[in-house]
Amino acid sequence: MYDTRNDLSVKVRTNVVETLNARLADAIDLRLQVKHAHWNVKGPHFISLHELFDKIAENLEEHVDAIAERITALGGTAYGTLAKVARATSVAAYPAEITDGSAHVAALAAALADFGKKVRVAIGETDELGDADTADLFTQASRDVDKYLWFLEAHLHANR
Ligand SMILES: [Fe+2]
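Below or above, wherever it landed, is the structure these notes cover. (Residues numbered from 1 in each chain as written. Predicted model: local features only at pLDDT ≥ 70, side-chain atom pairs only at ≥ 80, totals over all residues. Heavy atoms only, no water.)

## Here we look at the overall build of the protein chain
So, step 1. Scanning the protein chain for helices and strands turns up 5 helices and 0 strands.
So, step 2. Counting from the amino terminus, helix and strand elements in the protein chain follow one another as α-α-α-α-α.
So, step 3. On C-alpha atoms alone, the protein chain measures out to a radius of gyration of 17 Å, which is about the 15 Å that the 2.2 N^0.38 rule sets for 160 residues.
So, step 4. Taking the principal axes of the C-alpha coordinates as reference, the protein chain spans close to 55 × 30 × 20 Å.
So, step 5. By residue count, 43% of the 160 residues in the protein chain fall in the buried class.
So, step 6. For the protein chain, the proportion of contacts with a sequence separation of at least 24, taken over those separated by at least 6, is 78%.
So, step 7. Accessible area for the protein chain stands at about 8,600 Å²; split by element, carbon and sulfur atoms hold 54% of it.
So, step 8. Computed over 17 positive and 24 negative side-chain charges, the separation of the two mean positions in the protein chain equals 2 Å. (Helix = DSSP H or I, 4+ residues; strand = E, 2+ residues; numbered from the N terminus. Rg over C-alpha atoms; globule rule 2.2 N^0.38 Å. Buried < 20%, exposed > 50% of the residue type's maximum accessible area, 1.4 Å probe, protein only. Contact = heavy atoms within 4.5 Å. Areas by Shrake-Rupley, 256 points an atom, 1.4 Å probe, with all protein chains shown as cover. Lys, Arg positive; Asp, Glu negative; His and termini not counted. Charge placed at Lys NZ, Arg CZ, Asp CG, Glu CD.)

## Here's the deal with the side chain of lysine 35
So, step 1. Relative to the helices and strands, lysine 35 resides in helix H1 (residues 10-40).
So, step 2. There is a polar contact of 2.6 Å between the side chain of lysine 35 and the side chain of aspartate 54.
So, step 3. Not counting residues within four places of it along the chain, the set of residues in contact with lysine 35 comprises Asp54 and Ala57. (Polar contact = N/O pair within 3.5 Å; in protein donor to acceptor, adjacent residues only side chain to side chain.)

## Thoughts on the pattern of salt bridges
So, step 1. Scanning the entire structure with this criterion turns up 6 salt bridges.
So, step 2. Its salt-bridge partner being lysine 35, residue aspartate 54 comes within 2.6 Å of it at the nearest N-O pair. Residue aspartate 54 is located in helix H2 (residues 46-73), and its partner lysine 35 is located in helix H1; the two are separated by 19 residues in the primary sequence. The two residues aspartate 54 and lysine 35 agree in class, both being buried. (Salt bridge = Lys/Arg side-chain N within 4 Å of Asp/Glu carboxyl O.)

Coordinates in, geometry out; function isn't part of it.
Next up, the structure:
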């Protein structure tokens, strides 16, 4: 950890940074999975799904940046290289060969829901550690994940 004039203790900052780096790896992995879907989706709903997936990826990119910069603001190192992310991610591997729109929507909904659950846990963890700002950062991310999970699940209803 780097020295900083930030009044949060080294202990708090160290623990918060650990949680932030765990979710950073997940967010980067998830963003790439969404991009993979954006590039490879096929079928009658191609253009709407292609565009929706890109919107989700762009939103995740904003949170990736916010999480990473919160880490450095707290005196930590943001581990954003693919090699580090590949080791640290807790997101399940994406079914890379699927093409059908509803298969991608279902796979992304599962991945987003898993990420959303972990981000919600991170809100409580960082709040309890005494870092309301990081809890707020995760709260913003959580709200967006819930919104885009809703967007994805709305498509699954249409297919029933
Ligand atoms: Fe694109």
